[in-house]
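Chain by chain, the residues run as shown.
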Amino acid sequence: MTIDPEGTRPKNPAASARGAELASDFTVSLHYDRRLYREDIRASVAHARMLSRQGIIGEDESSQIIDGLEKVRVEIESGSFTWKPELEDIHMNVESRLFELVGDVAGRLHTARSRNDQVSTDTRLYMRQASLDTVIALRNLQTAVVAVAEANIATVMPGYTHLQRAQPVLLAHHLLAYFEMFERDAIRFEAARASADVLTLGNGAMAGVPYPIDRDFVARELGFSGVTANSMDGVSDRDFAIEYLSSAAICAMHLSRMAEEFVIWSSEEFRFLSLPDNYTTGSSIMPQKRNPDFAELARGKTGRVYGHLFAMLTTLKGLPLTYNRDLQEDKEGLFDTVDTLLATLDVTAGMLHGARFNSDRMRDAAESSYVLATDIADYLVGKGMPFREAHIIVSNLSDRLISERRFFKDLSVDEFRTASPLFDADVLDIGVDSSIASRDVPGGTAPGRVKSAIAAAQKSLRAHVMEAGR
Ligand code: ARG
């Protein structure tokens, strides 16, 4: 049996003449859109219910269709469903099987509907959930960030600019920078979710449908917050997908930066952390090595996420309204992005939980360096010297120390005084810990500020958990 729900001739007469098994693979999307089966069936059930409520089809017709759709779902989930690529996509596969199961009444399901509004509705349902899953994975990662920050609250390290040791900070402060990035990411994915959360069924092929449908009922059944205002926009809009992809690109960039720090910090040169064994691999040739492959892949996968964003933008840029088959190209990269991002978020959380920070080594890196130079300049400012002048004096002093392979902590008061008479004995009190403690401003690295930031982060995460539970 063949079905042609669009009521048109076969789109590819040559292929159908040669037989279904020879149909061109070129148009087939089944291998990736079959993951929409649940959404497709759910939307069809809501549509069938609405059609009978509105008297467009009979009540027992609607029940037969809905029972049949449930059977299709069970078949798919039990693995007994026979997929037919020659039917091209998930929608035609489900509908064709429905015909086999319930007979010709199946033909009534596609009343007041087109594959154009159908595929959009399915994809929106899918992306609504995917966006939520992404937010949950981000919250999970944020929880790991905060836990690791709290567990290492006493660890000091050099903060970097230009990858040069710059000023001492708490490791927790450094980690919490990522908390903020993931917070912004979560807000973006919430917005992508809101974009997807609009019903397109009822737009028909593109002009609306000539039946007394009830779109609000379908929206309620499917949990959509509203219905599209313009049918032509509805069937051709993929902003919700682009918003997910662009949010994913930004999030992947954040994850990549964190991964890069894991790679650098776990190197023999840094030795700031050791990654958990289950997130590293041995080298096939060099027995001594533990390679940070998971972190590298988290960094590397960013490229394909960026690529999918650009592919989608490019596919859409020249499309005249309304539906064009090009739009079928929206799904493969989108699904790959969801899979890639969710996996990377999980791996990053796991890696962070298992990482062991070498706090002695980190403190030593801060102390055996010139990260106190700013504090010493600020000391002179405190004694009345203009900052620019203090900068020159301390710059000369550190040049001298570097050439003598010594550090500020090795200087006596007298040696300080040769650089400037404003130095007193209390200059010897300047150290990594006092430097950190002095950054006692909102957003600064002083221990009190970082502890408050941890408490605020924990509170906000708890609120999100409660919100999700509601
Ligand atoms: N597989 C198609 C897609 O993903 C479904 C819509 C097809 N509509 C059409 N008029 N050919 O876009």
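Here the structure is a predicted model, which means the values were calculated and not measured.

Below, the discussion takes up the overall build of the protein. When helices and strands are counted, the protein shows 19 helices and eight strands. Taken over C-alpha atoms, the radius of gyration comes to 30 Å for the protein, far larger than the 23 Å a tight globule of 470 residues would show. With the C-alpha coordinates of the protein rotated into their principal frame, the extents come out at 100 × 50 × 40 Å. Per-residue burial over the protein gives 48% buried out of 470 residues. For the protein, the share of sequence-separated contacts (at least 6 apart) that also reach a separation of at least 24 residues comes to 76%. For the protein, the accessible surface area stands at approximately 22600 Å², while carbon and sulfur atoms represent 53% of it. Of the side-chain charges in the protein, 52 are positive and 67 negative, and the distance between the mean point of each set is 1 Å.

Further remarks concern the packing of aromatic side chains. What characterises a pair of aromatic rings is the spacing of the ring centres plus the angle enclosed by the ring planes. Counting across every chain of the model gives 12 aromatic pairs. Seen from their ring centres, W265 and F272 are 6.0 Å apart, and the 55° between their planes marks the pair as tilted. For the pair W265 and F272, a shared accessibility class is recorded, and that class is buried. With 5.6 Å between their ring centres and 15° between their planes, Y379 and F423 make a pair best called stacked. Placement of Y379 in helix α15 (residues 373-382) and of F423 in the loop between α17 (413-419) and α18 (432-438) is noted, with a sequence separation of 44 residues between them.

Glancing now at the environment of T228. Looking at the secondary structure, you find T228 in the loop between β4 (226-227) and α9 (231-236). Sequence-wise, T228 and G350 are 122 residues apart; in three dimensions their C-alpha atoms are separated by 40 Å. Each residue touching T228, except ones within four places of it in the same chain, is listed here: V198, L199, T200, N203, R215 and G234. A distance of 3.0 Å separates polar atoms of two side chains, one belonging to T228 and the other to N203.

Cut-offs and rules
- Residues numbered from 1 in each chain as written.
- Predicted model: local features only at pLDDT ≥ 70, side-chain atom pairs only at ≥ 80, totals over all residues.
- Heavy atoms only, no water.
- Helix = DSSP H or I, 4+ residues; strand = E, 2+ residues; numbered from the N terminus.
- Rg over C-alpha atoms; globule rule 2.2 N^0.38 Å.
- Buried < 20%, exposed > 50% of the residue type's maximum accessible area, 1.4 Å probe, protein only.
- Contact = heavy atoms within 4.5 Å.
- Areas by Shrake-Rupley, 256 points an atom, 1.4 Å probe, with all protein chains shown as cover.
- Lys, Arg positive; Asp, Glu negative; His and termini not counted.
- Charge placed at Lys NZ, Arg CZ, Asp CG, Glu CD.
- Phe/Tyr/Trp six-rings, centres within 6.5 Å; stacked < 30°, edge-to-face > 60°.
- Polar contact = N/O pair within 3.5 Å; in protein donor to acceptor, adjacent residues only side chain to side chain.

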